[in-house]
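What follows is each chain in one-letter form.
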Amino acid sequence: MTPEALIYTPEPATAGVLQQTFRQFRIKAQIADRPGSILDLLRRHKFDAVAVDCRDETESIGIFEMTRRSESNRSAIMFAIAPKNVDKKSCWGANFQVQSSTNLGRELSTCLRSAQSMILREHRRYRRIPVSMPVRLLGDYGEVIVECLNLSEGGICLNGHVRDSKSSTVNFHLYGTDTTIEAIAPIVWKNSTRMGLRFDNITPRPKSTLLGWLDRQLAR
């Protein structure tokens, strides 16, 4: 799997330039041309980078705020595509500002050279490794045993469904090791059969084992 970016712009020509430039850096880019469509994608998918056309200041600020409030995408690397006459405050929450001009592709390439390691780190943090193992889940609903579907540095996807809880903790024996992982892990999304939890706190030694395990799986 390659890193993924989400591009918002209502202009097809701008979308084409941005998408092609991301591809040159081996980043898959998906395009949204309406505010409603980008907000829907932010709720349903994890992106490593988000690029927003800031020609409409109010609209762009709303998108940045929604991204930073999103449980799955709040740490995405963000690019503001801003023309000269747009005040920089419209780029609230962006990591990089790219000047919208006839050299847009070149401008974005310059930013991506600086941002590439950040994007790869974000991708690594949420790269999901399929693995089946039992997981003990504790919360306001009590204690349940559910099946792990996939695992990443940033969280875990479980096959099961529980009611909402103010807090939750996961505990599992990491497959193929003698290490037990325990973490505070709030539920960030769920449907009728599955749920995703974000790791908020893992002690250093088990986390180091988890990172080593993930690196070995990614190298296969």
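Provided above is the structure to which this section pertains.
Residues numbered from 1 in each chain as written. Predicted model: local features only at pLDDT ≥ 70, side-chain atom pairs only at ≥ 80, totals over all residues. Heavy atoms only, no water.

Engineer: Help me out: how do you make sense of the overall build of the chain in this one?
Structural biologist: Tallying secondary structure elements over the chain gives five helices and 14 strands in all. Its C-alpha radius of gyration of 19 Å places the chain within 12% of the 17 Å reference for a compact globule of 220 residues. Seen through its C-alpha atoms, the chain measures out along the principal axes to roughly 55 × 35 × 25 Å. Pairs at least 24 apart in sequence give 58% of the contacts found in the chain among residues at least 6 apart. For the chain, the accessible area works out to roughly 11500 Å², and carbon and sulfur atoms hold 47% of it. Treating the 31 positive side-chain charges of the chain as one cloud and the 23 negative ones as another, the clouds have centres 4 Å apart. (Helix = DSSP H or I, 4+ residues; strand = E, 2+ residues; numbered from the N terminus. Rg over C-alpha atoms; globule rule 2.2 N^0.38 Å. Contact = heavy atoms within 4.5 Å. Areas by Shrake-Rupley, 256 points an atom, 1.4 Å probe, with all protein chains shown as cover. Lys, Arg positive; Asp, Glu negative; His and termini not counted. Charge placed at Lys NZ, Arg CZ, Asp CG, Glu CD.)

Engineer: How should the environment of Gly155 be read in this particular structure?
Structural biologist: By the element assignment, Gly155 lies in strand 9 (residues 155-159). On the basis of relative accessibility, which here comes to 8%, the residue Gly155 falls in the buried class. On a C-alpha basis, the gap between Gly155 and Tyr126 in space is 7.3 Å, while along the polypeptide they are 29 residues apart. (Buried < 20%, exposed > 50% of the residue type's maximum accessible area, 1.4 Å probe, protein only.)

Engineer: Please explain the pattern of salt bridges as it appears in this structure.
Structural biologist: Side-chain pairing between opposite charges can occur once the charged atoms of the two side chains come close. Inspection of every chain in the model, using the stated rule, returns eight salt bridges. Put simply, Arg136 and Glu143 hold a salt bridge, and the shortest N to O gap is 3.7 Å. A salt bridge links Asp164 to Lys190; the shortest N-O distance between them is 2.7 Å. Of the two residues, Asp164 sits in the loop between strand 9 and strand 10 (168-173) while Lys190 sits in strand 12 (residues 187-190), which places them 26 residues apart along the sequence. Through salt bridges with shared partners, one network takes in Glu11, Asp53 and Arg55. (Salt bridge = Lys/Arg side-chain N within 4 Å of Asp/Glu carboxyl O.)

Engineer: Looking at this structure, how should I read the packing of helix 1 (residues 12-24) against helix 4 (residues 104-126)?
Structural biologist: The description of two helices packed together rests on the angle between their axes and the distance between the axes. Following both chains from N to C, one finds helix 1 and helix 4 inclined at 35°, their axes separated by 9 Å at the closest point. Two packed elements cross with a definite hand, and for helix 1 against helix 4 that hand is right-handed. Contacts between helix 1 and helix 4 pair Thr14, Val17, Leu18, Thr21, Phe22 and Gln24 from the former with Leu104, Gly105, Leu108, Ser109 and Leu112 from the latter. Tallied by class, the residues present in the contact of helix 1 with helix 4 amount to six nonpolar, five polar and no charged. (Axes fitted to C-alpha atoms, helices over the stretch in contact; angles between N-to-C directions. Left-handed = near helix turned anticlockwise from the far one by under 90°. Nonpolar A, V, L, I, M, F, W, Y, C, P; charged D, E, K, R; others polar.)

Engineer: Please clarify how helix 2 (residues 35-44) should be interpreted in this entry.
Structural biologist: The periodicity of an α-helix, 3.6 residues per turn, causes residues three or four places apart in sequence to face the same way. Of the residues making up helix 2, those classed as buried are Ser37, Ile38, Leu41 and Leu42. Taken around the axis of helix 2, the buried residues stretch over an arc of 135°, which confines them to a single face. Facing away from the buried side of helix 2 by over 90 degrees, the exposed positions are Arg43 and Arg44. If you follow the buried residues of helix 2, they end up packed against strand 1 (4-8), strand 2 (28-32), strand 3 (49-53) and helix 3 (57-69). (Arc of directions from axis to C-beta.)

Engineer: How should the pairing of strand 2 be read in this particular structure?
Structural biologist: Working note: regular strand, side chains alternate between the two faces of the sheet. In terms of strand pairing, strand 1 meets strand 2 through five bridges, oriented parallel. Bridging across to strand 2, Ile7 finds its partner in Ile31. The parallel pair strand 1 and strand 2 is bridged by helix 1, and the resulting crossover is right-handed. (Pairing = 2+ DSSP bridges. Right-handed = clockwise from strand over helix to strand, strands pointing away.)

Engineer: Looking at this model, I keep getting lost on the nonpolar core. Mind explaining?
Structural biologist: Generally speaking, nonpolar side chains in soluble globular proteins are found buried as a group. Counting 25 residues, the largest nonpolar core has Leu137, Leu151, Ile156, Leu158, Val170, Phe172 and Phe199 as its most contacted members. Contributions of two or more residues to this core are made by strand 7 (134-139), strand 8 (142-151), strand 9, strand 10, strand 11 (180-184), strand 13 (194-198) and helix 5 (204-219). For Leu151, the residues in contact, after removing those within four places along its chain, are Arg127, Arg128, Ile129, Val131, Met133, Ile156, Phe172, Leu174, Phe199, Leu210, Trp213 and Leu214. Membership of the second largest hydrophobic core comes to 20 residues, among which are Phe22, Ala29, Ala49 and Ala115. (Core = buried A, V, L, I, M, F, W, Y, C linked by side-chain atoms within 4.5 Å.)

Engineer: Quick question: what am I supposed to make of the sheet that holds strand 1 here?
Structural biologist: Paired through backbone hydrogen bonds, the strands of a sheet run either parallel or antiparallel to each other. Here we have five strands laid out as an open sheet, ordered 2-1-3-4-5, and parallel in their pairing. Strand pairing shows two members of the sheet lacking a second neighbour, strand 2 and strand 5 (96-99), which therefore form its edges. With strand direction ignored, the average angle separating the axes of adjacent strands in the sheet is 20°. Here helix 2 sits on the sheet and contacts strand 1, strand 2 and strand 3; the angle it forms with strand 1, its principal contact strand, is near 160°. Across the sheet, helix 4 lies against strand 3, strand 4 (77-82) and strand 5, angled at about 165° from strand 5, the strand it touches most.

Engineer: Looking at this model, I keep getting lost on the layout of surface pockets. Mind explaining?
Structural biologist: Empty space left among the atoms is revealed by rolling a probe the size of a water molecule over them. Of the volumes computed, that of the largest pocket is approximately 510 Å³. In this structure, the largest pocket is lined by 23 residues; those nearest its centre are His45, Lys46, Ser72, Arg128 and Trp189. At the level of secondary structure, the elements contributing two or more residues to the lining of the largest pocket comprise helix 2, strand 9, strand 12 and strand 13. Per-element tally for the lining of the largest pocket: the top contributor is strand 13, with four residues. Classifying every residue of the lining of the largest pocket gives seven nonpolar, eight polar and eight charged. (1 Å grid on protein atoms, 1.4 Å probe; cavity = no way out; pocket = protein on both sides within 12 Å on 5 of 7 lines; lining within 4 Å. Points joined across faces, edges and corners; volume = space filled by probe spheres on them.)

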